[in-house]
Amino acid sequence: MKLILIYAPPASGKLTVANQLSKLTGFKVFHSHIINDMLDEFLNSETSYYWKVNTDLKLKIIDALSKSKLKGLILTTVYIGKKDIFRLAKKIKNIVIKNKGDFYSVRLETDKSTILKRVTNKSRKSYGKISSKKELINYINKYGLNNIMPFKNLFTINNTKTSAKEVAKQIKEHYHL
């Protein structure tokens, strides 16, 4: 299985790009909010236990899928420069490689004014994502913007003025998917 990890700040267009890439490659999209939404029904997301269960579920699912006949998977996430998130990404990479798959990382770089325009998109609220400019500004002030995971094969694309369809084409071409 090929796994493409797309990461960027909130409202950068990760899911939109993932869906376009899925159309071009036939890969399935694993939207991280699926697990968040499920756990939010039962656990408090402010606790370390919530994030332990969240991480464990993601790793189990990635492991199972990487052992399956699935051609490819596109995973989206936010990276805030925290070591625990990079450790999770490395664990995902190691699982995929252990199961004889390929791991690719894509960083979307988007300027602040663009994500501030995108954050109020109605679809964001339905996924329980940050959906107000105030929340996003607080997030940026706390975590920064456009943090970089130090993967060797990282492909960075500035999607501020590039359509999701074009970004997906660039990813497909870059990694020969």
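If you're wondering where the values come from, they're calculated on a predicted model, not measured in any experiment. (Residues numbered from 1 in each chain as written. Predicted model: local features only at pLDDT ≥ 70, side-chain atom pairs only at ≥ 80, totals over all residues. Heavy atoms only, no water.)

**Focus: the confidence of the model for the protein**
In regions of low pLDDT, the predicted coordinates are not meant to be interpreted in detail.
So, point 1. Put simply, the protein has an average pLDDT of 89, and 95% of its residues get 70 or more.
So, point 2. Looking at the elements of the protein, mean pLDDT is at its lowest for helix α6 (residues 122–126), recorded as 68, and at its highest for helix α8 (residues 164–174), recorded as 98. (pLDDT = per-residue confidence, 0-100. Helix = DSSP H or I, 4+ residues; strand = E, 2+ residues; numbered from the N terminus.)

**Quick look at helix α4 (residues 83–98)**
So, point 1. Between its terminal C-alpha atoms α4 stretches 22 Å, which fits the 22 Å expected from 16 residues at 1.5 Å a residue.
So, point 2. Here α4 has its buried residues at F86, L88, A89, I92, I95 and V96.
So, point 3. Elements in contact with the buried residues of α4: β1 (2–7), α3 (48–67), β3 (72–77) and β4 (102–109).
So, point 4. A positive phi of about 65° marks K100, the residue just after α4. (Expected span 1.5 Å × (residues − 1). Buried < 20%, exposed > 50% of the residue type's maximum accessible area, 1.4 Å probe, protein only. Contact = heavy atoms within 4.5 Å.)

**A word on helix α2 (residues 33–40)**
So, point 1. Within the sequence span of α2, burial applies to I35, N36 and L39. Seen from one end, α2 has its buried residues packed into an arc of 100°, which puts them on one side.
So, point 2. Close packing links the buried residues of α2 with β2 (28–31) and α3. (Arc of directions from axis to C-beta.)

**Points about the side chain of S12**
So, point 1. Along the chain, S12 turns up in the loop between β1 and α1 (14–25).
So, point 2. Taking the relative accessible area as the measure of exposure, S12 reaches 0% and is therefore buried.
So, point 3. Those residues in contact with S12, other than ones at most four positions away along the chain, are L108, T110, I115, R118 and N159.

**Quick notes on the side chain of N99**
So, point 1. Locating N99 in the fold gives a position in the loop between α4 and β4.
So, point 2. Residue classification places N99 among the buried residues on the basis of a relative accessible area of 18%.
So, point 3. Ignoring sequence-local partners within four residues, the contact set of N99 consists of D63, S66 and K67.

**Points about the nonpolar core**
So, point 1. Grouped together as the largest cluster of nonpolar side chains are 23 residues, with contacts concentrated most on L3, L5, I62, I92, M149 and F151.
So, point 2. Those elements that place two or more of their residues in this core are β1, α2, α3, β3 and α4.
So, point 3. Counting residues per element, this core draws most heavily on α4, at six residues.
So, point 4. Contacts of L5, omitting those with residues within four sequence positions, involve L75, T77, A89, F103, Y104, S105, V106, M149 and F151. (Core = buried A, V, L, I, M, F, W, Y, C linked by side-chain atoms within 4.5 Å.)

**Details of unusual backbone geometry**
Residues other than glycine predominantly adopt negative phi, and peptide bonds predominantly adopt the trans conformation.
So, point 1. Phi angles above zero are rare outside glycine, and K100 is one such case at about 65°.
So, point 2. For K100, the position within the fold is in the loop between α4 and β4.
So, point 3. Relative accessible area serves as the criterion here: at 76%, K100 is assigned to the exposed category.
So, point 4. Residue H176 is not a glycine yet carries a positive backbone phi of 55°.

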